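The chain contents come next:
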Amino acid sequence: MDSSMIADRRSLRRKVSFWRIAAALLLVVLGFALYWTFAGDAGKDSPHVAHITISGLITDDEELLERLKKIETSSSVKALVVSISSPGGTTYGGEKIFKALRAIAAKKPVVSDVRTLAASAGYMIATAGDTIIAGDTSITGSIGVIFQYPQLQPLLDKIGVSLQEIKSAPLKAEPSPFHNASDAAKTMINNMVMDSYGWFVDLVADRRKLPREEVLKLADGTIFTGRQALKVKLVDQIGGDKEIRAYLETRQVPKNLPMIEWNQKDNTPFLLAKSLSQIAGFFGYDGLANSEGLSDFLHRNLLLDGLVSVWQVGADR
C-alpha cells in the first residue's frame, strides 16, 4: 500500500471520528434539553407549595397567566409563594396577573414575597397575596400611573422634514410625536391616566384595608423600604423563608411540604442555542455561531405599550 493510500485512509478515519464526536455532542445537548424540560415537573403530582418568580418588566404575559391557571386548578398545590423583583410595567399586565393571583387565593393561600424591588405594577401584584412579606431594605410602593410619548418634531425641523396629515377628528391619533399635543389631547390623556390611577388607589385601599384618603397620601409615587412600608401598612411583615413558612402553618399548610418551582424554563432555549452555536462554529458555519442571533430568534424582547405603572429611576416627575 503506497503512502497516498495510507494518507487517504487516515484522513477518512479522522473525518469519521469527527462526525461521530459531533453527533454524540448533539445527542448530549438534546438529551440535556429534554431533561431540563421534563425534570422540573417531577413532584408536581404530590402535595406541595408552588413557587413562582415574577421579575423584570411586567407585561401581558400569556405564558405566566396559563401557568397561574394550572396552579389554581391543581389539587396537588396547597399554597403559592410569589417572589417579586420588578420595577413594574404595563398597568394592564399588572391587572391581569393580580386577578389571576386573586383567583388562586380564593382556593388556597397566596404569599407575596417582596424581594429587591416590587414597585408600581410590581406592588400591584404583591397586593394580590393574602399577606405581603418584605425584606428590611426591599424597595416597594411607587403607586401611580404614567403615560409617555416621544416628541420628534424638533429633530424633523433640523433635518428639514415635515409631516402632513388628514384625520377624521382632532383627537384621532393623539398625542402625536410629530407635533405638540393640543390642550384637548392633554386633557384626554390626563383623564385616562387619572381614571387608571383611581382604579389602582381603590385596589390598594381595598386589599390593604386602608381608608382611601390615607392611600392617596401614599400614592404620590413615593417609594419605601420594607421597614417604611411596614409602618404605613403597605406590607404585613419583615422576613423571608422562615416567616413565609410560619404564615403558611397558620393557614393549615404543613411545614414539611416541599416547595416546588413552577417557573418558566427560560434557560432551555438559550442553553440549547448556545450549544448549537458552538457546534455550528465547530463545523465552520460562523454565521450561525452567533448565539445572540439564535437567542433572539428563540426569544424576542417585548416593548411596553399603553398605560404604564413603573418605577423609573432618574426619570423626571
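For the structure given in this document, a descriptive report is provided here. (Residues numbered from 1 in each chain as written. Predicted model: local features only at pLDDT ≥ 70, side-chain atom pairs only at ≥ 80, totals over all residues. Heavy atoms only, no water.)

1. Focus on the overall build of the protein chain
Phase 1 of the analysis: Scanning the protein chain from terminus to terminus reveals 11 helices and 9 strands.
Phase 2 of the analysis: Here the protein chain, with 317 residues, has 38% of them falling under the buried criterion.
Phase 3 of the analysis: Considering only contacts within the protein chain whose residues lie at least 6 apart along the sequence, 76% involve residues at least 24 apart.
Phase 4 of the analysis: Of the accessible surface of the protein chain, which amounts to about 18700 Å², a share of 57% is contributed by carbon and sulfur atoms. (Helix = DSSP H or I, 4+ residues; strand = E, 2+ residues; numbered from the N terminus. Buried < 20%, exposed > 50% of the residue type's maximum accessible area, 1.4 Å probe, protein only. Contact = heavy atoms within 4.5 Å. Areas by Shrake-Rupley, 256 points an atom, 1.4 Å probe, with all protein chains shown as cover.)

2. A few points about the packing of aromatic side chains
Phase 1 of the analysis: Evaluated as defined, the whole model comprises 0 aromatic pairs.
Phase 2 of the analysis: Sitting above the plane of the Trp262 ring, Lys44 keeps its charged end 4.2 Å from the centroid. (Phe/Tyr/Trp six-rings, centres within 6.5 Å; stacked < 30°, edge-to-face > 60°. Lys NZ or Arg CZ within 6 Å of the ring centre and 35° of its normal.)

3. Section: the side chain of Glu72
Phase 1 of the analysis: One can find Glu72 in helix H2 (residues 62-73).
Phase 2 of the analysis: In terms of polar contacts, Glu72 uses its side chain to reach the side chain of Lys107, at 3.1 Å.
Phase 3 of the analysis: Apart from the residues lying within four places of it in its own chain, the contact partners of Glu72 are Ala103, Ile104, Lys107 and Lys108. (Polar contact = N/O pair within 3.5 Å; in protein donor to acceptor, adjacent residues only side chain to side chain.)

4. Points about the nonpolar core
Phase 1 of the analysis: Membership of the largest hydrophobic core comes to 48 residues, with the highest contact counts inside it found for Ile52, Leu68, Ile71, Leu80, Ile97 and Leu101.
Phase 2 of the analysis: Per element, the largest residue contribution to this core is 8 residues, and it comes from helix H6 (residues 183-208).
Phase 3 of the analysis: Ignoring any residue separated from it by four or fewer positions in sequence, one finds Leu80 in contact with Ala50, His51, Ile52, Leu68, Ile71, Leu101, Ile104, Pro109, Val110 and Val111.
Phase 4 of the analysis: Val81, Val111, Ile244 and Val253 belong to the second-largest nonpolar core, a separate cluster that totals 10 residues. (Core = buried A, V, L, I, M, F, W, Y, C linked by side-chain atoms within 4.5 Å.)

Such coordinate-based values are descriptive only and should not be taken to indicate function.
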